[in-house]
Amino acid sequence: MAKILVLAELKEGVVQKVALELVSKARTLGEVTAVVLGTGAGAQAAILGEYGAQTVLISEDAAYTTYLAEPGAETLAYLIEQIAPSLVLIGGTYDGRDIAGRVNAKLGSGVITDAGEISFEGGALKVTVPWYSATTIVDVTSPSNAPLVMVKPKTFAAEKLEGAAVPTVEKISFTPSDKSKRARILETVMEKSEGPSLEEANVVISGGRGLKDAKNFELLHKLAEPLNAAVGATRAVVDSGWVSYSMQVGQTGKTVKPNVYIAVGISGAIQHTVGMKGSKNIIAINTDEEAPIFKVSDLGIVGDSLKILPALTEELKKRRG
Ligand SMILES: Cc1cc2nc3c(=O)[nH]c(=O)nc-3n(C[C@H](O)[C@H](O)[C@H](O)COP(=O)(O)OP(=O)(O)OC[C@H]3O[C@@H](n4cnc5c(N)ncnc54)[C@H](O)[C@@H]3O)c2cc1C
């Protein structure tokens, strides 16, 4: 049976949702060993077991939370050499990318990024990867013994395994070297945000240049409130300084897959749609009936967003009493 190693990232001591998604996928491919590094690792073993990890390797060494990716990369490289897995799954997060690049440099394992479907065919790994802003999907394999495969959040569903056994928990007997402790985290500044995050929200309302002015983003926030939605944006408005980069959806921003995505004053450039076209229902508001966004929309409203947004918010409030 294939041995699958999953790097389960922690954020403030809690395992990230993408890790549960990876474990859920990994259990369909083989025997799953999850690796959890950092303060609080031990407490997260049980939840990884619930999603199908048979073994959880933990280390509570403070180095993983005090320094940037190097201690984590060193440890993962060590574990790959010890365990010789058929595949290593890593979340496509900032830290995941940093660690994967470093492990690849150490072991020459090869990295496949933005994985879609993952399977083994006749023992050979097959990963589908979107190219050219997802206009082409290619099948990729790797000659490496333990290829690193990076998967963006929400690519797979996080599903608990019915009747999952309690995982075996083992302490990692490896101490990161002093050499790996070069870039220390001095301060973590959390951006204040209200309501659900873009990645987690059931409804996302994004605004583009068609909103005309930064202050009109307030109209999106007003509509977001009764819908408990998150607010996103296009790169055009992020580059104009209207909103922060953390709100950017698309190729160089976040990938979102909510139940409902409302695109307001957004033309629908491929670099934007690649980050939202996996949404279940897409509604677009645009003055230009030829706007490309309508090609990926389930419902299109041709009209002025500055008039439609207040009317929609008002109507929603009325209906909700
Ligand atoms: C390498 C690369 C990476 C990129 N990555 C990203 C990315 O991650 N995310 C991203 O979003 N973009 C990205 N872009 C930029 C992308 O190509 C587009 O330029 C950008 O998405 C356009 O943003 P927009 O739709 O807000 O603006 P525009 O293209 O200017 O569209 C504005 C739209 O608003 C409509 N409009 C005007 N007035 C109104 C009104 N009153 N009411 C309703 N609609 C109105 C117009 O008809 C138009 O369709 C990237 C580009 C490159 C080259």
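Bear in mind that the values here come from a model prediction, so they are computed numbers and not experimental data.

Caption draft 1: Broad picture of the pattern of salt bridges. If you walk through the whole model with that rule in mind, you get eleven salt bridges. A salt bridge links Lys25 to Glu117; the nearest nitrogen and oxygen atoms lie 2.6 Å apart. Of this pair, Lys25 sits in helix α1 (residues 17-26) while Glu117 sits in the loop between β7 (111-112) and β8 (118-121), and the two are 92 residues apart along the sequence. Taking relative accessible area as the criterion, Lys25 reaches 13% and is therefore assigned buried. Residue classification places Glu117 among the partly exposed residues on the basis of a relative accessible area of 42%. Close ionic contact of Glu50 with Lys160 constitutes a salt bridge, the shortest N to O distance being 3.2 Å.

Caption draft 2: Region of interest: the pairing of strand β10 (residues 136-140). Bridge count for strand β9 (residues 124-131) against β10 is five bridges, and the pairing is antiparallel. Bridge assignment links Val129 to a residue of β10, and that residue is Val138. Hairpin remark: β9 followed by β10, antiparallel, with four residues in the connecting loop; positive phi at Tyr132, about 45°.

Caption draft 3: Summary view of the sheet that holds β9. An order of β8-β9-β10 is seen for the three strands of this open sheet, with the pairing classed as antiparallel. Each edge of the open sheet carries a strand with a single partner, namely β8 and β10. Taking the axes of each pair of neighbouring strands and ignoring which way they run, one obtains an average angle of 30° across the sheet.

What counts and what doesn't
- Residues numbered from 1 in each chain as written.
- Predicted model: local features only at pLDDT ≥ 70, side-chain atom pairs only at ≥ 80, totals over all residues.
- Heavy atoms only, no water.
- Salt bridge = Lys/Arg side-chain N within 4 Å of Asp/Glu carboxyl O.
- Helix = DSSP H or I, 4+ residues; strand = E, 2+ residues; numbered from the N terminus.
- Buried < 20%, exposed > 50% of the residue type's maximum accessible area, 1.4 Å probe, protein only.
- Pairing = 2+ DSSP bridges.
- Axes fitted to C-alpha atoms, helices over the stretch in contact; angles between N-to-C directions.

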